[in-house]
Each structure stands twice: as C-alpha cells, then as structure tokens.
Amino acid sequence: MEDGFLMEVCVDSVESAVNAERGGEARGVAVGRASAGSVLTCLSPGAGRIELCAGLVEGGTTPSMGLLQVVKQCVRIPVFVMIRPRGGDFLYSDREVEVMKADIRLAKLHGADGLVFGALTEDGRIDTELCTALLAVCRPLPVTFHRAFDMVHDPLVALETLISLGFERVLTSGCDSSALEGLSLIKRLAEQVSDALVTMGLFPPGGGITERNLQRILEGSTASEFHCSARSARDSGMKFRNPNVAMGASFSAPEYSIKVADVAKVRTLNAIAKNIL
C-alpha cells in the first residue's frame, strides 16, 4: 500500500458525495495518508474523506441531518460535518453557540466521522473559550478548524493556539483569495506545524484548486492533504421553466443549473496528486 495525498471533497448533496467516492480507480488502491496516520480505502476510491455542508455559496453551513443520514448510507469513506449556523463572519452569539452544540450532538448521533468548525473573537483571534467548549462536545471525534483561520489577525499565533487546543487539522488558503495566492504562507505554517512536532494536518482548500495548479500547490505547500469541490454545472431536468422568478438573492446560483462533484474531475485531481510522489 503506497503513501500519497489524501483528497477531501466538499459536497452539499448525496449525488456529489457518491461522485466524490467514485472518482478514483475501479480497483481498491490507497488514497493517501491521513494526518492521524491512517490509510483510507474503499472499493472505488476517489476522495479519502468528505466534508458535508449546505450553503456552499456562503462558504458552507451546517447540513441537514437527513442529508447526513442518507450520505452515510451511500458512501463508505469518512464524512466530516460542517458546523456553521449561518454565513457571514465567525463571531457567534450565545444562542448561535447553543445551535452549534445541538448540531454537533445530532451529527454525532447520526454517524458523523468528524466535525468541522471555527470561531473567532471580535479582534480576529481564535475564540479559545468557545473552541474549548465545542471541542468538548465533539470528542472523541476528530475536529478540523475551517477557513475562519483565513480571517485571523495573526495566522502564526493563531496556529499555535489551535495546536494547543488540540485540533487535528486546519483548513487554509494561506489567508488569501486562493491556495495558490496564499502558497508562501501555507508553506510557513506547514513548517511551523512540523517544528512543533505535533500530529496536525494543515491542508489547502479548494479555493481555486484545479487540474492546472494542484501540482504546484501540493509541491509548494508540503501538505499531505488537499480540499476541493471538483464541481461542474449540470443542467436541470426541468422542462417547464419560469424565467421571471428567482428563489434566492441576485448573487445566488441559477435556478436551472445544479453544481455537483464531477467524477472525471475527482479522478484527474487524484491522479495528479498520486503522480507527484
């Protein structure tokens, strides 16, 4: 069983979850090394892990528990559940915190393999008090600190805080618009994790990760995992269409176009990651 990069695919539907898992080769092969040292396999591996969300237009929010239940029935790879009660910033009220705690408990009840969240103070630092409380509810499951990290005042200090709190992974674009633009900082952060001699995964997200830049990002960041959505637009099956009505705000996705994880894209990204070794 060979070592490699672990691909995490961010999905918001059962179809995308199934496509993410199907993206690999038809036979069983190693899909990569996880930060915790485990190697994940399945009958047709593409992604090594799924991040399950809703509201991808807003950067990801907490999915429904119905979606989690059905996804768990349809895939064999680990499913990490986003815990984010709304879009916008990462400064949460007391009532929003109660929602997050309730969602964590429900996600654990319905089979989540890990949780994903992040919380900041008003001055752009890690909210250590809230993160400690949420981590306690999450345990014993592993936890990823999501891209709230990219909104911190001082990323080097923030990383030290997350290490001390016990997060298993940090998802970051290097505090820039994409992982490619933030590559130099991602590399510095990865070196900091290595110097601390801790088992923490630091991995770049799908903010702009494509077939054209994945090799450069992985080689330049020294990360062992990467995160992408690998989506393509698929036309709706609706034959009758009303062009005068939109279900969301003006910036939302078209009503008759559905974005789903693309099996071919997952397969291509996975192949690129394997060929870097």
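Computed from a prediction, not measured in an experiment: that's the story for all the values here.

Enquirer: Break down the confidence of the model for the protein for me, with residues and values.
Expert: Across the protein, the average pLDDT comes to 83, with 82% of residues at 70 or higher. A low-confidence stretch, residues 25–44 (pLDDT under 50), is modelled with 61 contacts involving residues beyond four sequence positions or located in other chains.

Enquirer: So what about the pairing of strand β2 (residues 49–52)? Which residues, and what values?
Expert: Alternating residues of β2 divide into R49 and E51 and I50 and L52, and every residue in both groups is buried. Sheet topology places strand β1 (residues 6–11) next to β2; four bridges connect them, and they run parallel. The partner of C10 across the bridge, within β2, is E51. Looking at chain direction, β2 and strand β3 (residues 79–82) are connected through three bridges and run parallel. Across the sheet, the residue bridging to E51 is F80, located in β3. The parallel pair β2 and β3, bridged by helix α2 (residues 65–74), forms a crossover whose chirality is right-handed.

Enquirer: An account of the packing of helix α1 (residues 14–22) against α2 is requested, with residue identities and associated values reported.
Expert: The contact between α1 and α2 brings their axes to 9 Å, and the two run at 30 degrees. Relative to α2, the element α1 lies roughly parallel. Helix-helix and strand crossings are classified by hand; for α1 and α2 the assignment is right-handed. Contact with α1, carried on its side by V14, A17, V18 and E21, involves L67, V70, V71 and C74 of α2 and no other residues of that element. Within the contact of α1 with α2, the residues separate by chemical class into seven nonpolar, no polar and one charged.

Enquirer: With reference to specific residues and values, describe the nonpolar core.
Expert: Ranked by internal contacts, the top residues of the largest apolar core, which has 66 residues, are F117, F145 and F226. With six residues, helix α4 (residues 128–138) is the largest single contributor of residues to this core. Every residue in contact with F145, bar those within four places of it in the chain, is listed here: F117, G118, A119, L120, I126, C131, L162, F167, R169, V170 and L171. L56, F80, M82 and V116 belong to the second largest nonpolar core, which has six residues in total.

About the criteria used
- All chains use their own residue numbering, which begins from 1 and follows the written sequence.
- Given that this is a predicted model, residues contribute local features only at a pLDDT of at least 70 and side-chain atom pairs are listed and counted only at 80 or more, while totals for whole chains, interfaces and linings are drawn from all residues.
- Side-chain measures were taken over the full set of non-hydrogen atoms in the model, leaving aside hydrogen atoms and water.
- Looking at any residue, its pLDDT shows the predictor's confidence there, from 0 to 100.
- Contacts are residue-level and defined by heavy atoms, with any inter-residue pair within 4.5 Å sufficient.
- Buried, partly exposed and exposed residues are distinguished by accessible area as a fraction of the type maximum, computed with a 1.4 Å probe on protein chains only: under 20%, between the cut-offs, and over 50%, respectively.
- Numbering of helices and strands runs from the N terminus; a helix is a DSSP stretch of H or I covering at least four residues, while a strand is a stretch of E covering at least two.
- Two strands form a pair only when DSSP identifies at least two bridges running between them.
- We call a crossover right-handed when, viewed with both strands directed away from the observer, the connection leading from the first strand over the helix to the second proceeds clockwise.
- An axis is simply a line fitted to the C-alpha atoms; with a helix, the fit covers only the stretch in contact. Between two such axes, the angle follows the N-to-C directions and lies from 0 to 180 degrees.
- Orientation categories follow fixed angle ranges, with anything under 35 degrees roughly parallel, anything over 145 roughly antiparallel, 65 to 115 roughly perpendicular, and all other angles oblique.
- Here a crossing is called left-handed whenever its near helix is offset anticlockwise from the far helix by less than a right angle, and right-handed whenever the offset is clockwise.
- Throughout, the ten residues Ala, Val, Leu, Ile, Met, Phe, Trp, Tyr, Cys and Pro are labelled nonpolar, Asp, Glu, Lys and Arg are labelled charged, and all others, Gly among them, are labelled polar.
- Throughout, nonpolar core names a set of buried Ala, Val, Leu, Ile, Met, Phe, Trp, Tyr and Cys residues whose side chains join them through atoms within 4.5 Å.

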